[in-house]
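# Structure assessment
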Amino acid sequence: MNLKPAIAIALIALTALSGCSRRGTEDAPAAQSKGAATEVRLGYFPNVTHAAALIGVEKGLFAKELGNTKLTTQTFNAGPDEVNALLGESLDIAYIGSGPAINAYAKSKGEAVKLIAGATSGGAQLVVKPEINSIEDLKGKVVATPQLANTQDVSLKKYLAEKNLTGQVTVQNVENAATLDLFKKGDVQAAWAPQPWAARLVAEAGAKVLLDEKTLWEGGQFPTTVVIVRTKFLQEHPETVEAVLKGHVAATDRAKANKDDAKTTVNAALEKLTSKKLGQKILDAAWDNIELTTDAQAKQFPQLAKDAVTAGVAKEAASVAGYADFTLLNKVLQAQGKPQVQAAGLDQK
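Treat the numbers as computed from the prediction; the structure is a model and nothing was measured. (Residues numbered from 1 in each chain as written. Predicted model: local features only at pLDDT ≥ 70, side-chain atom pairs only at ≥ 80, totals over all residues. Heavy atoms only, no water.)

### A look at the pairing of strand β1 (residues 39-44)
As a reminder of what qualifies: Two strands pair under a simple rule: DSSP has to find at least two bridges between them. The helix and strand labels rest on DSSP assignments: H or I over at least four residues marks a helix, E over at least two residues marks a strand, and numbering proceeds from the N terminus.
Relative to strand β2 (residues 70-75), β1 runs parallel, the two sharing 6 bridges. Note on β2: the bridge partner recorded for Glu39 is Lys70. Note that β1 and strand β3 (residues 93-97) share 2 bridges and pair parallel. Residue pairing in the sheet places Leu42 in a bridge with Ile93 of β3.

### A look at the sheet that holds strand β5 (residues 124-128)
The criterion, for reference: What counts as an axis is a line fitted to C-alpha atoms, over the stretch in contact for a helix, and the angles between N-to-C directions run from 0 to 180 degrees. Whether two residues are in contact is decided by their heavy atoms, any of which lying within 4.5 Å being enough.
Strand order in the open sheet formed by 5 strands is β7-β6-β8-β5-β9, and the pairing between neighbours is mixed. Because the sheet does not close on itself, it has two edges, and the strands there are β7 (170-173) and β9 (208-212). Shown here is a sheet whose adjacent strand axes are inclined to one another by a mean of 25 degrees, direction ignored. Judged from the 4 bridges that link them, β5 and β9 form a sheet pairing that is antiparallel. Looking at the pairing, Val128 lines up with Lys208 of β9. Each of β5, β6 (142-145), β7 and β8 (190-194) touches helix α7 (residues 176-185); the most contacted strand, β8, lies at about 150 degrees to it.

### What to know about the packing of aromatic side chains
Aromatic rings in a pair are described by how distant their centres are and how their planes are angled relative to each other. Applied cut-off: Side-chain rings of Phe, Tyr and Trp (the six-membered ring for Trp) are treated as a pair once their centres are within 6.5 Å; stacked means planes under 30 degrees apart, edge-to-face means over 60, and tilted covers the remaining angles. Exposure categories follow from relative accessible area, calculated using a 1.4 Å probe and restricted to protein chains: below 20% of the type maximum is buried, above 50% is exposed, and the middle band is partly exposed.
Summed over the entire model, instances satisfying the criterion amount to 5 aromatic pairs. Between Tyr105 and Tyr323, the ring centres sit 4.3 Å apart and the planes meet at 20 degrees, which makes this aromatic pair stacked. Taken together, the residues Tyr105 in helix α5 (residues 98-107) and Tyr323 in the loop between α13 (301-310) and α14 (327-335) connect sequence positions 218 residues apart. Exposure remark for Tyr323: the relative accessible area of 0% places this residue in the buried category. Summarising the aromatic geometry, the rings of Phe301 and Tyr323 are spaced 6.2 Å apart at their centres and angled 75 degrees between planes, so their arrangement reads as edge-to-face. Residue Phe301 is located in helix α13, and its partner Tyr323 is located in the loop between α13 and α14; the two are separated by 22 residues in the primary sequence. Per residue, the accessibility class of Phe301 equals that of Tyr323, and both read buried. Three or more aromatic residues joined by ring pairs form one cluster here, namely Tyr105, Phe301 and Tyr323.

### Considering the pattern of salt bridges
The cut-off we apply is this: Counted as salt bridges are all cases of a side-chain nitrogen of Lys or Arg within 4 Å of a carboxyl oxygen of Asp or Glu.
Scanning all chains against the criterion turns up 14 salt bridges. Between Lys272 and Glu58 there is a salt bridge; the shortest N-O distance is 3.0 Å. Highlighted residues: Lys272 in helix α11 (residues 259-274) and Glu58 in helix α2 (residues 51-58), separated in sequence by 214 residues. Among the residues examined, Lys272 registers a relative accessible area of 63% and is labelled exposed. What you see here is one network of salt bridges that share partners, running through Arg41, Asp92 and Arg230.

### Quick look at empty space enclosed by the protein
Which parts of space are left empty comes out when a probe the size of a water molecule is rolled across the atoms. Stated precisely, the cut-off is as follows: With a 1 Å grid spanning the protein atoms alone, the term cavity applies to any set of points in which a 1.4 Å probe fits but cannot get out, the term pocket to an open set with protein on both sides within 12 Å along at least five of seven lines, and the term lining residue to any residue with an atom within 4 Å of a point. Grid points are joined across faces, edges and corners, and a volume is the space filled by probe spheres set on the points. Amino acid classes used here: Ala, Val, Leu, Ile, Met, Phe, Trp, Tyr, Cys and Pro are nonpolar; Asp, Glu, Lys and Arg are charged; the rest, including Gly, are polar.
In this structure the tally under the stated criterion is 2 cavities of 30 Å³ or more. Its volume calculated, the largest cavity comes out at about 110 Å³. If you go around the largest cavity, you meet 17 residues; those closest to its centre are Phe45, Gly97, Asn150, Thr151 and Gln152. Elements supplying a minimum of two residues to the lining of the largest cavity: β3, α6 (151-162) and β10 (223-230). Classifying every residue of the lining of the largest cavity by side-chain character gives 5 nonpolar, 12 polar and no charged. Lining the second largest cavity are Ala144, Thr145, Pro146, Asn176, Thr179, Ala191, Trp192, Ala193, Trp197 and Leu201. Elements supplying a minimum of two residues to the lining of the second largest cavity: β6, α7, β8 and α8 (197-205). Of all the elements, β8 adds the most residues to the lining of the second largest cavity, at 3 residues. Of the residues contributing to the lining of the second largest cavity, the split by class is 7 nonpolar, 3 polar and no charged.

Right under this line is the structure:
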């Protein structure tokens, strides 16, 4: 019996199967692009530090770029809750503080989210009762932050650790609106708060600014608010993410071009979301304390990851390697003749 034809057929079949296997494992992308999404779910805070999101929604700048894609928005009071929404896949894109943004990346082992843009630099202050004149005066006092492990919570605890005051100051996690009431009652004597809450504490509760966080950073630049996206959503709907980023850049440009109009727009948005407008002096003080920017200050992220350890909210510094993907943002910026943002190595694993 001649076995050569049968052996040849078998070898051809094995080669074909082997080739299919290699193509299936080596050449397949992580996720297939599915074109524009039917809906994009966007999260942000009713804070001045999230001004670009407020302007983009209020002025229809996101909707204009999204076309037939439905924009659904959801507001949050602190980053950790927003992280849970992202990781639970009930949110697609988020304006969020840098601390929770890093935490989201770390919790998912670098898989679930990507850093795609900056939004705000600055806009956080340590405000205190008038009789408190130094950081040492906080011994035995209660200091409020918006939520455990949020951006301001990490900043405060890191600063206390550097001043050897850990354990000598009570840190209480309280929503911003409740902090205002507690401060008035005297139940808390200080707060590390984002804008406009720092300005409101000064204007409405008699607080004074003891420390502006920007003074702790080189050049006064640090990422208060950034934009992150679910990795799977980015892979499946890059054109939708690009559309949101176009709206984000447009909102940032609009705010820079006409500050008064931007403040009016933000105040109108805050009134819709919180049923309360800011007084003009409060709005002016809060606005002057922030800088809207599409640059996420990527070079600061390794230090921010270390700060969480110093603050005692993380056991080890999270790796931020591979976190940034500014491809779409830089595409938008380049098309408009604007300087591109730098990843500072965060785009490499």
